[in-house]
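One letter stands for each residue in the lines below.
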Amino acid sequence: MLKNTVDFSVDVKGELTGNSYVGPFVAKTKLSVRETLRQDELYRAVLGVNSQDASPASKTVASAISYLSTHLVSSPDWWKALEGGMKCEDINLLAEINNKCQEIIDA
């Protein structure tokens, strides 16, 4: 049976800022229908008007932000200060958290 939540942690140095980001996360392993729809809504909201015309890089960022916003239930204070990635300057940090979250859920 699938656990409801999984734990993972990151230890990342920001490529742009040089800041060190260390801390634990807890993520939901499954979403309700409402949460799945919310994830899609957030994806489109991050991209803005004419989201279908967004660049592939922007779509990747929006996908990560919407995925994490619907799956993470607990995160370090620095992640909250980065508003779930929306204020993140270090794309490698966003990528690392998203990749780890997806890997641990898929495992």
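Below is a short write-up of the structure.

Rules of the game
- Residues numbered from 1 in each chain as written.
- Predicted model: local features only at pLDDT ≥ 70, side-chain atom pairs only at ≥ 80, totals over all residues.
- Heavy atoms only, no water.
- Helix = DSSP H or I, 4+ residues; strand = E, 2+ residues; numbered from the N terminus.
- Contact = heavy atoms within 4.5 Å.
- Buried < 20%, exposed > 50% of the residue type's maximum accessible area, 1.4 Å probe, protein only.
- Pairing = 2+ DSSP bridges.
- Core = buried A, V, L, I, M, F, W, Y, C linked by side-chain atoms within 4.5 Å.
- Axes fitted to C-alpha atoms, helices over the stretch in contact; angles between N-to-C directions.
- Parallel < 35°, antiparallel > 145°, perpendicular 65-115°, else oblique.
- Left-handed = near helix turned anticlockwise from the far one by under 90°.
- Salt bridge = Lys/Arg side-chain N within 4 Å of Asp/Glu carboxyl O.

**Points about the environment of serine 75**
Turning to step 1, where the next piece is worked out: Within the secondary structure, serine 75 is located in the loop between strand S3 (72–74) and helix H3 (77–81).
Turning to step 2, where the next piece is worked out: Put simply, serine 75 and glutamate 41 are 34 residues apart on the chain and 22 Å apart in space, counted from C-alpha to C-alpha.
Turning to step 3, where the next piece is worked out: If we skip the residues at most four places from it in the chain, serine 75 touches Pro24, Phe25 and Lys80.

**Some words on the pairing of strand S1 (residues 5–13)**
Turning to step 1, where the next piece is worked out: Side chains Val6, Phe8, Val10 and Val12 of S1 all project onto a buried face; the interleaved residues Thr5, Asp7, Ser9, Asp11 and Lys13 project onto a face where none is buried.
Turning to step 2, where the next piece is worked out: Sheet topology note: the S1/strand S2 (residues 20–28) ladder contains nine bridges and is antiparallel. Paired with threonine 5 across the bridge in S2 is lysine 28.
Turning to step 3, where the next piece is worked out: Taking the residues between adjacent antiparallel strands as the criterion, S1 and S2 are bridged by six residues, where glycine 18 takes a positive phi near 80 degrees.

**Let's talk about the nonpolar core**
Across soluble globular proteins, nonpolar side chains have a tendency to be buried as a group.
Turning to step 1, where the next piece is worked out: In terms of nonpolar packing, the biggest core is built from 21 residues, with Trp78, Trp79 and Ile97 touching the most fellow members.
Turning to step 2, where the next piece is worked out: The set of elements that each furnish at least two residues to this core consists of S1, S2, helix H2 (56–71), H3 and helix H4 (91–106).
Turning to step 3, where the next piece is worked out: No other element matches the five residues that H4 contributes to this core.
Turning to step 4, where the next piece is worked out: If near-sequence neighbours (up to four positions away) are discounted, isoleucine 97 is found in contact with Phe8, Val10, Phe25, Leu68, Trp78 and Trp79.

**What to know about the packing of H2 against H4**
Turning to step 1, where the next piece is worked out: As a packed pair, H2 and H4 sit with axes 10 Å apart at the nearest point and diverge in direction by 55 degrees. Considering the angle they form, H2 stands oblique to H4. Handedness of the crossing formed by H2 with H4: left-handed. Contacts from Val61, Ala64, Ile65, Tyr67, Leu68 and His71 of H2 reach H4 at Ile91, Leu94, Ile97, Asn98, Cys101, Gln102 and Ile105.

**Some details on the pattern of salt bridges**
Turning to step 1, where the next piece is worked out: Across all of its chains, the model carries five salt bridges by this definition.
Turning to step 2, where the next piece is worked out: For lysine 28, the salt bridge is made with glutamate 35, and the minimal N-O distance between the two is 2.3 Å.
Turning to step 3, where the next piece is worked out: By relative accessible area, glutamate 35 is classed as partly exposed at 23%.
Turning to step 4, where the next piece is worked out: Ionic pairing is found between glutamate 41 and arginine 38, a salt bridge with its closest N-O pair at 3.3 Å. In this pair, glutamate 41 and arginine 38 both sit in helix H1 (residues 33–47), three residues apart, roughly one turn of the helix.
Turning to step 5, where the next piece is worked out: Among the residues examined, glutamate 41 registers a relative accessible area of 41% and is labelled partly exposed.
Turning to step 6, where the next piece is worked out: With a relative accessible area of 40%, arginine 38 lands in the partly exposed category.

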